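Observations on the three-dimensional arrangement
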Amino acid sequence: MEMLEIKKLSKCFDDLEVLRDVNITVKKGEVVVIIGPSGSGKSTLLRCVNLLEQPTGGEILYMGEDITKLGKRVTGYRKHVGMVFQRFNLFPLKTALENVMYAPIKLNKIPSKEAREKAEELLQKVGLESKANTYPLALSGGQQQRVAIARALAMDPEMLLFDEPTSALDPELVGDVLEVMKKLAKEGMTMIVVTHEMGFAKDVADRVIFMDGGYVIEEGAPADIFSQPKNERTKSFLARVL
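Residues numbered from 1 in each chain as written. Predicted model: local features only at pLDDT ≥ 70, side-chain atom pairs only at ≥ 80, totals over all residues. Heavy atoms only, no water.

If you look the protein up in an unreviewed UniProt entry, it shows as Peptide ABC transporter ATP-binding protein from Anaerocolumna chitinilytica. Here the protein is described in UniProt, under the heading Sequence similarities (unreviewed entry), as follows: "Belongs to the ABC transporter superfamily." (UniProt positions renumbered as here; feature names shortened; annotations may be inferred.)

Right, let's get into the side chain of Gln143. Summarising the element assignment, Gln143 is placed in helix H5 (residues 141–153). By relative accessible area, Gln143 is classed as buried at 17%. In contact with Gln143, other than residues within four places in its own chain, are Leu128 and Lys131. (Helix = DSSP H or I, 4+ residues; strand = E, 2+ residues; numbered from the N terminus. Buried < 20%, exposed > 50% of the residue type's maximum accessible area, 1.4 Å probe, protein only. Contact = heavy atoms within 4.5 Å.)

Among the nonpolar cores identified, the biggest contains 51 residues, and Ile35, Leu123, Ile149, Phe162, Met181 and Met191 are the most heavily contacted of them. Looking at this core, the element that brings in the most residues is helix H6 (residues 171–186), giving eight residues. With near-sequence residues (within four places) excluded, Met191 lies in contact with Glu30, Val31, Val32, Leu160, Phe162, Met181, Leu184 and Ala185. Within the second largest apolar cluster, 29 residues are counted, among which are Val22, Val32, Leu45 and Ile60. (Core = buried A, V, L, I, M, F, W, Y, C linked by side-chain atoms within 4.5 Å.)

Attention shifts here to the pattern of salt bridges. Summed over all chains, the structure comprises 14 salt bridges. One salt bridge in this structure joins Arg146 and Asp176, with 3.8 Å as the shortest N-O distance. With Arg146 in helix H5 and Asp176 in helix H6, this residue pair connects regions lying 30 residues apart in the sequence. With a relative accessible area of 10%, Arg146 lands in the buried category. (Salt bridge = Lys/Arg side-chain N within 4 Å of Asp/Glu carboxyl O.)

Turning to helix H3 (residues 96–108), a few remarks are in order. Between its first and last C-alpha, H3 extends 19 Å over 13 residues, near the 18 Å set by a 1.5 Å rise per residue. The largest bend in H3 amounts to roughly 30° and is located at Tyr102, with the proline Pro104 lying one to four residues further along. The elements touched by buried residues of H3 are helix H4 (112–125) and H5. The first or second residue beyond H3 is Lys109, which carries a positive phi of 55°. (Expected span 1.5 Å × (residues − 1). Bend = angle between axes of the 7 residues up to and from the residue.)

In this section: empty space enclosed by the protein. Inspection of the entire model under this criterion finds two cavities of 30 Å³ or more. Lining the largest cavity are Ile6, Ile24, Val26, Val32, Ile34, Leu45, Leu46, Val49 and Ile192. Secondary structure elements with two or more residues in the lining of the largest cavity: strand E2 (16–26), strand E3 (31–35) and helix H1 (42–49). Broken down by element, the lining of the largest cavity gets its largest block of residues, three residues, from H1. Taken together, the residues of the lining of the largest cavity break down into nine nonpolar, no polar and no charged. Considering only enclosed or pocket space, the second largest cavity measures out at about 30 Å³ in volume. (1 Å grid on protein atoms, 1.4 Å probe; cavity = no way out; pocket = protein on both sides within 12 Å on 5 of 7 lines; lining within 4 Å. Points joined across faces, edges and corners; volume = space filled by probe spheres on them. Nonpolar A, V, L, I, M, F, W, Y, C, P; charged D, E, K, R; others polar.)

Time to look at the UniProt feature "domain: ABC transporter" (unreviewed entry) in the protein. If you check UniProt for "domain: ABC transporter" (unreviewed entry), the listed places come out as residues 4–238 in our numbering. For residues 4–238, the end-to-end C-alpha separation is 27 Å, with 39% helix and 26% strand making up the annotated structure.

All right, on to the packing of aromatic side chains then. The way to describe two aromatic rings as a pair is by their centre distance and the angle between their planes. With the rule as written, the count across this model stands at three aromatic pairs. On the numbers, 5.3 Å between centres and 75° between planes, the contact of Tyr62 with Tyr77 is edge-to-face. Pair noted here: Tyr62 is in strand E4 (residues 57–62) and Tyr77 is in helix H2 (residues 74–80), with a separation of 15 residues, a long-range link. For Tyr77, a relative accessible area of 4% gives the class buried. (Phe/Tyr/Trp six-rings, centres within 6.5 Å; stacked < 30°, edge-to-face > 60°.)

With that settled, consider the environment of Gln144. Mapped onto the secondary structure, Gln144 falls in helix H5. The spacing of Gln144 and Ala96 is 48 residues in sequence and 8.2 Å in space, taken between C-alpha atoms. Of the polar contacts made by the side chain of Gln144, one reaches the backbone oxygen of Pro136; its length is 3.3 Å. (Polar contact = N/O pair within 3.5 Å; in protein donor to acceptor, adjacent residues only side chain to side chain.)

Overall, antiparallel pairing links the four strands, which are arranged E2-E1-E4-E5 in an open sheet. The sheet terminates laterally at E2 and strand E5 (65–66), the two strands that pair on one side only. The pairing of E4 with E5 spans two bridges and is antiparallel. If you follow Tyr62 over to E5, its bridge partner there is Glu65. Running over the sheet, H1 touches strand E1 (4–13), E2 and E4 and is turned about 115° from E1. (Pairing = 2+ DSSP bridges. Axes fitted to C-alpha atoms, helices over the stretch in contact; angles between N-to-C directions.)

This is the structure:
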């Protein structure tokens, strides 16, 4: 069974149709990278998968269950599907460690000592154990994003969604964040990544999806998409960004 199946998904904001008839499947352990121009619907798609936006039509099946019909049970679903945002969304008045500990204590009722040990492990995993007691404003953007990844991992998600995780960062800080994501991919984490980092898409993706105008225009293995795209819109987009 597919871990995630998106069927005929549409999303409108008033008269503006942002997603049109989107069909995507994601298998367990797969890294799917979504590329495309700004305004093509990539981020809205991720927000629908995490139910931060309610789709206008279609289905999103997670482990066979249509999550658009969850109602109040959405919090339980979000424990399985973590999200890392473009802007790190850390709690400014909590240290890096407290940011990572917060959700397991609050949502999973994990004892504080256990949550702390796990948070320390996760900060070590993202290379920030020395910054455990530092507040977000004293961290660089890249460090804040790595704390945000550790925070998402603290809930033991089965899938992680990344919404342009490096686009708000200075270029020299991008590499550290991408390294953490590559490590997660190697460990078998199921990931959907919206990104402008074409090198990451080439190196790490199992599958690349090109979106434009709210549609999935083309999808395939990175080697196929980057070296011999079939669709003219994919070709012209890659000609501009590569």
